[in-house]
Every structure is written in C-alpha cells, then in structure tokens.
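Here's the letter readout for the chains.
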Amino acid sequence: MEAAMVELDGARSAMPAPRPSAGSGRAPPWFWYAVGGCLLLVGLQLGTVVLAAPRSSQISTQLVLSGTEIVATVACLWTARRARRGDRRWRLLIGAMVGGSAAATAVTAVVLLRGRSIDESWSGYAVLLVFYALALAGLLCLPTDPVDSRSGHARWPWRGQVRWYLITTMDAVLIVGSVILLEWQISLDRLVGVGVTDPTTFRVALVHQVCVLILAAAVLLIATFRRPRSPAALALLGAGLLTHGLTINIIAYRIAQDRYDLPHWISVPFTAAFLLILLAVLVPTPVRTREETLTSPHPRALWAHAALPYAALGAAGLPIVAKLINSTALDRFEASVIVGLLVVALGRQMITLAENIQLLAKVREREDQLRYQAFHDPLTGLANRALFTRRLRRAVARSVDADDAPGRDEASIRQETTMSVLFVDLDHFKQVNDALGHAAGDELLKISAQRLRAGTRTADTVARLGGDEFAVILEGRGPDTPCRVAGRLASALQAPCDLAGRPYLPRASLGLVTLDHATRPVNPDILLHQADLAMYTAKHGREGKLVVHRFDPPIPFDHPRPLEDSESEESW
C-alpha cells in the first residue's frame, strides 16, 4: 500500500506540460527512440510479473518504478534549465513533486527488501498529499493560450492568470466532488457500512483518490477550454493521470474492504504513468505566432465551460434533494461534501460575477472610445465634420427657438441667441508638406488645433473638417463679439512657430458668418457654405485676412487692424 501511495504521488508528476522548442514542434528521432524504450520497459515489467514469484516481482517492479521516477525528475530539472522563462515554473514544480515521490518510493523499496509488508507503512504516506498541490500548480502553469484572445487584463496580465487558476481549480473541485458524492451514494457508503477496521487509512486512500481525480479533471478542462501549446504533451499527461487515477481507485476500494494485500503487479501501471510524464517532458512545444492565437471562442464552448461544473453539481445534488423531500437524514459525509461544494460554487459564481462586471466596464469603455473616434479627428483630437455638423444643427435650432419665444425684448434676444461660424484654411500648407515633409505638416495642424482650442471657450466647438480646414462654432453670451474672437484666433494662428527644427510663420485665411435675429438662414449647411465663401474671399485677396459675411457682398477686413471697443460688429 505504501508503494501505491508513492505511485499516487507520482501521478501528480504526470502533470508536466510540453517542453518549449524554438522549432515547429515536430518530434525529433530521439523522441521516438524514447517512446520505444518506454514500451520495452513496461513490457519487461509485465514479463517479470508473469514469470517471477510474487515477492520477487513486487520488489523488482518497485525498483523499476523508483528508477523511472528518478529519471523523470532529472528530465524535469534538465529541461527546465534549457526552457524559456515562461516554461520553467511548471517544470520546477513537477520536478519537485516527482523528486519527493521518488524518495517515498525508495523508502517503500527498502521496506520490501527488509521483509516488511507495505501496509505497515501506509499511514505514514499521508504527508505525501502536499505534493498534489505542487502537481496542480505545475499543471496550471502549463504553456497554454486562452481560447478567447481578448481574455486577461491589458494592464495587469497576471490578474487574468490568477483568475484562470482559481476558476480551473474550482471547476475541478466541483466536478470531482460531485463524482465522489455520486459514487458514495451508489456504492461507497455500502462498502464503508460493512465495516472498515482502519478508518484513518481508508480516509487517506479516499483523499488520494479525490486529489488524483482533481488533477485529471484539470487536464480535461485545460484540453477542452484552453489552447495548449503542445496538445501531444497534454494528451500524454492526461493519459498518465487517468492511469494513475484508475490504479488509485483500485487501491481505495480494496482498502474500503479491508484488503491491504495489494497485488504484486500494482507498480506496473504506476510505472507507465511516470513514463508518460517523462515523454510529456520531452515533447517539443511548437512556437505559435500571435496571429495563430487570435481566434474567437465558439458560443457553445463558452456555455459548456460555464455550465459543466454546475451540471455535475446538479446531478450529485438530485439524490440529496430526494432524501430531503422524503425526510431522510443525510449522513455526515454527504452533508459535509454538499456544503463544501455549495461554498465552492458560490465562490466560483462570485468570481464569474466580478469578471462580468469587468467585461461590462470594458465594453462601456470601448463604446466610449468608439464614440470618441467616430466624432473626433485622430490627429488633432478636435471634433470632426460629423460632430461639427451635429452641433451646428443644434446651435441653429437653439438660436431659432430662442428668437421665436414670445415676450422677449430685442436686446435680450440679440445677446443670447447670436451665434457665428468661423471657417479657417491654412495658407501654403501643401508647400509645407513638400518642403519639410508630412510629419512637419501634421505638426503644423496640431499647433493650429491647440491655438484654436486655447482661444475659444468651453461652450464653443472647434473642429477639423479635413486637410488643412478648420471650423469654429462661436455662440453668444459673452462680453466679446464674434468678430473680436475671430480676430484673436487669427492672430494666434499666425504667430511664429518651429517646424522640423526651423522657424516658420504660419498664414491663414478666415471667413466669419453670424446668425442673428435679423437675418438667419434656417439651413445650417447654408450657414457653413457662407463662411466658406467668406474664407475664399479672404484667400483670393491678401494673405492672413479675415472676411465677415453680411448676406450681401462679403466685406474684406485686414486682420492686423485692431478692434476698438466702441466699434460694433456691423462696422466690419
């Protein structure tokens, strides 16, 4: 039994993940030689079991098992030295676990050589349960990719890994706990009811069985809901764990029946499991490009991942519910397991809820980003034509509605409803791109955008309509007239700056049109077109000019001329 316990601990070693390789992942010739050697070793063990005496075969198979574990430990540590950084952690964890299992197996071999029975030392191997934590940690550190490339946390990737570790562990506990509960209700409780002379030994065997099944469930969850870098390595690990788990199940049932005389062939499947671990360590891991990992998960896979643990829990809970309906008392084991499973399920649900909240926050953040990108210029950060048009329509509508309101005097209407549109075009912008490069042209656009934004109020809208064209919506309710604001903006735009390490004097042509209570086109497109016409009038005249449109022939105005406080808007 002691040997079996050691073997069980070794099963945990079956958890190692694929060994990274810089190549394509194709198995080299020596790997197939290793496969042949493993098959030959298992065949020799089977021959020893069949031909040798039980006692001799038990000792020899135990020694072979110990040697296999030592070789697997060396292979884990050796490949960890050669592996890339992301692949070292799981190899070290599995190497530590297999090394401890090898030490325990060596102790068992010494017990056999001294003529003692394995069952005399069985209870001492309860301490080996700690190795299952190492095996599970090593399994979770296997090189895998999420099925959904958007999984994880962009700023703190380790948070996504921790969440994945917790979810996988909880799912495995829920599935295995549900299976054990069903197994207890079907047959295991009857075996215990017959009577177990050593309850402690039975509990140790049962706990080992549960741990191995958790590892096997974790392997299945990884293979189903993750993208292992080397599916072949994960398949070898899974096969080793299942072999180990089935063997431990045999041990658990025999102990439940007070049969501690383990068959002399029991070390053979354990040896096979460790050989599978060895092969999994030696399997090369193909290097995947980022494009190969960018796949979207199938909705059915997501639903299966979310529902599988709860489906297992529901199947195990149905007999419990039936007993409660029939007023049948639950035994201590059933009550303890079902309460533990419900606590784990609640914890998993809380993690899922937290993840959903984070996903909802990310969705809203992306929606805000898309909305911002849809209505803002990516280069300057100003409003684009779409947002400018929308705000222009609203400004015109507000101005018309306020003007049409009854009981308003002309002075208040003029003060509150005046709004203007300023159209700006940078002069000689193409020459800047040709002489200094497009990077300098982009820098000039950014400088112009900053100057326009700095010279306007929060309520005003500054937009880049495209190319070197800008537009500004100037609404009333301020001490400055639109002409005064437009003059300041013209001065700011044409202040000297540095482009590509050289001084440059920008020039701009500006057109202004004002919508007031006396003359107003009700169509915002006409208003923008009039500002555009005024700008072209300025451009065809002298550079750096502001032209104000009056719904009659445009009136040119030389920008450098200062404005007097006594002058009104109509004087320009």
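## A word on the overall build of the chain
Per the secondary structure count, the chain includes 18 helices and twelve strands. Within the chain, buried positions represent 47% of all 572 residues. The contacts in the chain between residues at least 6 apart in sequence include a share of 78% that link residues at least 24 apart. Here the chain displays about 27800 Å² of accessible surface, and carbon together with sulfur accounts for 62% of that area.

## Things to note about the confidence of the model for the chain
When pLDDT is averaged along the chain, the result is 75; 71% of the residues meet or exceed 70. Low pLDDT, under 50, characterises residues 1–24; the stretch is placed with 147 contacts to residues that sit more than four places away or in other chains. Confidence drops under pLDDT 50 across residues 557–572; counting only partners more than four residues distant or on other chains, this segment forms 37 contacts.

## Some points on the pattern of salt bridges
Pairing of side chains with opposite charge becomes possible as their charged atoms draw close. Taken as a whole and judged by the stated rule, the model has ten salt bridges. The closest approach of N and O atoms between arginine 464 and aspartate 377, which form a salt bridge, is 3.2 Å. Pair noted here: arginine 464 is in strand S6 (residues 461–466) and aspartate 377 is in the loop between helix H12 (332–375) and helix H13 (385–404), with a separation of 87 residues, a long-range link. With relative accessibility at 11%, the residue aspartate 377 sits in the buried group. One salt bridge in this structure joins glutamate 475 and arginine 398, with 2.8 Å as the shortest N-O distance. One end of the pair, glutamate 475, is in strand S7 (residues 469–475); the other, arginine 398, is in helix H13, with 77 residues separating them in the sequence.

## A word on the nonpolar core
Counting residues in hydrophobic clusters, the biggest one holds 48 residues, and the most contacted among them are Phe31, Leu139 and Leu236. Of all the elements in the fold, those that place two or more residues in this core are helix H2 (29–51), helix H3 (54–82), helix H4 (85–113), helix H5 (130–140), helix H7 (199–225), helix H8 (231–256) and helix H9 (267–282). Counting residues per element, this core draws most heavily on H9, at eleven residues. Dropping the residues within four chain positions of it, phenylalanine 31 is found in contact with Leu236, Leu279, Leu282 and Val283. Grouped together as the second largest cluster of nonpolar side chains are 29 residues, Leu422, Val424, Phe470 and Leu512 included.

## A few points about the packing of aromatic side chains
Counted under the stated rule, the structure contains one aromatic pair. Over the ring of tryptophan 78 we find arginine 82; its NZ or CZ atom is 5.0 Å from the centre of that ring.

## Concerning H2
Taking 1.5 Å per residue, 23 residues should reach 33 Å; H2 reaches 33 Å between its end C-alpha atoms and fits that length. Of all the positions in H2, only Phe31, Val35, Cys38, Val42, Gln45 and Val49 are classed as buried.

## A closer look at the pairing of strand S10 (residues 508–515)
The buried fraction of S10 amounts to eight of the eight residues, a majority that puts the element mostly inside the structure. Side chains Ala508, Leu510, Leu512 and Thr514 project from S10 onto one buried face, and the interleaved Ser509, Gly511, Val513 and Leu515 project onto a second face that is buried too. As paired strands, S10 and strand S11 (residues 545–549) are joined by four bridges and run parallel to one another. Counted as the bridge partner of valine 513 is histidine 549 from S11.

Cut-offs used in this document
Residues numbered from 1 in each chain as written. Predicted model: local features only at pLDDT ≥ 70, side-chain atom pairs only at ≥ 80, totals over all residues. Heavy atoms only, no water. Helix = DSSP H or I, 4+ residues; strand = E, 2+ residues; numbered from the N terminus. Buried < 20%, exposed > 50% of the residue type's maximum accessible area, 1.4 Å probe, protein only. Contact = heavy atoms within 4.5 Å. Areas by Shrake-Rupley, 256 points an atom, 1.4 Å probe, with all protein chains shown as cover. pLDDT = per-residue confidence, 0-100. Salt bridge = Lys/Arg side-chain N within 4 Å of Asp/Glu carboxyl O. Core = buried A, V, L, I, M, F, W, Y, C linked by side-chain atoms within 4.5 Å. Phe/Tyr/Trp six-rings, centres within 6.5 Å; stacked < 30°, edge-to-face > 60°. Lys NZ or Arg CZ within 6 Å of the ring centre and 35° of its normal. Expected span 1.5 Å × (residues − 1). Pairing = 2+ DSSP bridges.

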